[in-house]
Amino acid sequence: MDSIVVNGGGELHGTIPIAGAKNACLALMPATLLSEEPLTLTNAPRLSDIKTMTLLLQSLGAEATALQDGQVLAMSSHDINNLTADYEIVRKMRASNLVLGPLLARFGRAVVSLPGGCAIGARPMDMHISALEALGAKIDLKDGYLHAEAMGGALKGGTHELGFASVGATENFLMAATLAKGTSVLKNAAREPEIVDLAQCLRKMGAQIEGEGTSTITIEGVDRLHGATHQVVTDRIELGTYMLAPAIAGGEVECLGGRLDLVQAFVDKLEEAGIEVTETPTGLKVARRNGRVKAVDVRTEPFPGFPTDLQAQMMALLCTADGVSHLEETIFENRFMHAPELMRMGAQIEVHGGTATVTGVERLKGAPVMATDLRASVSLILAGLAAEGETVVSRVYHLDRGYEHVVRKLSGVGANIKRVKV
Ligand code: EPZ
């Protein structure tokens, strides 16, 4: 297993290119199952999760090929010959459950393994199930697999209100409804930019959708969808992650491709902490000029609120803030595993239930630490950028799931960082 070694100290200066969004791409790829014509995605990120989704689609009989060093994904679901998403693949990546809606919609049947829990929470699928049942699906759990079928052979339009604005449940409903007979309405829908990106791609494929990005999405079912080519939206979580690098280490960095509308709530908190964010013609420029950042309180919420996927990274910044910060995690039940690792570096953090209280210290000290999940792993690297001495982050396979070329991107702006095989 590889480790990443960071020696803290110098300021960061330069530009970091931001890739296409992992969480958009993981929803866009299953959309190929809705049509027998080719779907091509450009600006795709080069990540292990994308490779896992590629393997899953291939296991169903789809063609899925990565071109141009992985930045283009050419897919075709003309010859689907298997409607079962196997546990061996699904257990590695929860987003595999996004093949459920498309398979049901096009073939009237699907067998999808329950993903099982993951480090940050139990992550059940009850909301996916009730949303698809509203479209006429019958879904039973047997031997750890969801056995789904469209009653009468085809899904019918229906109205459903989500108990919580679940991103995945919204995506499964949205994709399934495109081919359901009649009108479908989803209330309390998730509003994430990845939902908007999926809707825009489905529309290019011939779907009739209105309201994406708001809490109510209306879909008119059509008989079939055709192929399309779609550019994956910028990754707002990678963007926020790299915006924190100069905020933590000092200096000035421009994140190329960054869009303020994707990270407004996060930027509001950065500015409250005393970080300067400027829109440029090519992205977002971030600078920390004067001394220590200020302590701020953060509460994670569904979009457009502060994203849970940036909570760990924000905590890394607040560990050296001037004052006491409170981070309230409202989306997942166990998303503070980075806290004990940051405490090994001298951070002062107390976790009680869903709230972490961070008392800022002058400076962290480098230490051997362990990545526990995707976003926790990168928060440890960020903390190492300004820590005194050497930080060694182990189990970086977590990192490879969601961040391409971390060492290249951070060393490109002056960080002392390398990847070592151990
Ligand atoms: C998506 O996960 C993202 N993953 C997550 O990013 C992100 O943290 C999450 O949305 C919230 O924004 C992808 O898009 C691939 P949810 P998803 O359904 O769809 C509970 C990352 O780091 N829930 O909005 O699984 C669930 O347990 C990952 O890139 C149910 O109880 O998130 C969680 O507590 C991590 N029943 C909460 O809702 C359900 O049927 C939010 O889940 C579905 C969800």
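Note that the coordinates shown come from a computational prediction; the quantities given were computed from them, not determined experimentally.

### Some thoughts on the site of the ligand
And then number 1: Within the structure, the ligand sits among 22 residues, and Asp-126, Met-127, Ser-166, Asp-309 and Ile-331 are positioned closest to it.
And then number 2: A distance of 2.7 Å separates a nitrogen atom of the ligand from a polar atom in the side chain of Asp-126.
And then number 3: At 2.7 Å, a backbone N or O of Met-127 approaches an oxygen atom of the ligand.
And then number 4: Here the ligand, which alone exposes 820 Å², has 88% of that area covered by the protein.
And then number 5: Secondary-structure elements contributing two or more residues to the shell around the ligand are helix H1 (22-28), helix H5 (126-133), helix H6 (167-177) and helix H12 (374-386).
And then number 6: Here the shell around the ligand gets three residues from one element, more than from any other, and that element is H5.
And then number 7: Partitioning the shell around the ligand into residue classes produces 10 nonpolar, five polar and seven charged.

### Focus: the domain arrangement of the chain
And then number 1: Segmentation of the chain into domains returns domain 1 (2-19 + 234-421) and domain 2 (22-231).
And then number 2: Distance between the C-alpha centres of domain 1 and domain 2: 31 Å.
And then number 3: Tallying the contact residues gives 24 residues for domain 1 and 21 residues for domain 2.
And then number 4: For the domain 1 and domain 2 pair, buried surface summed over both sides reaches about 1900 Å², with 51% attributable to carbon and sulfur atoms.
And then number 5: For domain 1, the biggest contributors to the area lost against domain 2 are Phe-303, Arg-401 and Glu-404; these three give 31% of the whole.
And then number 6: Our count for the contact surface shared by domain 1 and domain 2 stands at three salt bridges.
And then number 7: Asp-49 is the salt-bridge partner of Arg-401, the closest N and O atoms lying 2.8 Å from each other.
And then number 8: Inspection of the region where domain 1 meets domain 2 yields seven residue pairs in polar contact (both at pLDDT 80 or more).
And then number 9: Split into classes, the residues belonging to the side of domain 1 that touches domain 2 amount to 10 nonpolar, four polar and 10 charged.

### As for a nonpolar patch on the surface
And then number 1: The grouping of Met-1, Tyr-397 and Val-422 at the surface amounts to a nonpolar patch, some 360 Å² of accessible area in total.
And then number 2: Examined against the element boundaries, Val-422 turns out to sit in the segment after strand S24 (416-421).

### Looking at the sheet that holds strand S13 (residues 216-220)
And then number 1: Ordered in space as S10-S11-S13-S12, the four strands form an open sheet in which the pairing is mixed. In this open sheet, the two strands that pair with only one neighbour each are strand S10 (159-161) and strand S12 (208-210). Each strand axis lies, on average, 15 degrees off the axis of its neighbour in the sheet, ignoring direction.
And then number 2: Where S10 and strand S11 (residues 183-187) come together, three bridges link them in parallel fashion. Among the inter-strand pairings, Glu-161 is bridged to a residue of S11, identified as Lys-187.

About the thresholds
- Residues numbered from 1 in each chain as written.
- Predicted model: local features only at pLDDT ≥ 70, side-chain atom pairs only at ≥ 80, totals over all residues.
- Heavy atoms only, no water.
- Near = heavy atom within 4 Å.
- Polar contact = N/O pair within 3.5 Å; in protein donor to acceptor, adjacent residues only side chain to side chain.
- Areas by Shrake-Rupley, 256 points an atom, 1.4 Å probe, with all protein chains shown as cover.
- Helix = DSSP H or I, 4+ residues; strand = E, 2+ residues; numbered from the N terminus.
- Nonpolar A, V, L, I, M, F, W, Y, C, P; charged D, E, K, R; others polar.
- Domains from an automatic or database assignment.
- Contact = heavy atoms within 4.5 Å.
- Buried area = accessible area lost by both parts, 1.4 Å probe.
- Salt bridge = Lys/Arg side-chain N within 4 Å of Asp/Glu carboxyl O.
- Patch = residues over 30% accessible without salt bridge, like charges linked within 9 Å, V, L, I, M, F, W, Y side chains within 5 Å.
- Pairing = 2+ DSSP bridges.
- Axes fitted to C-alpha atoms, helices over the stretch in contact; angles between N-to-C directions.

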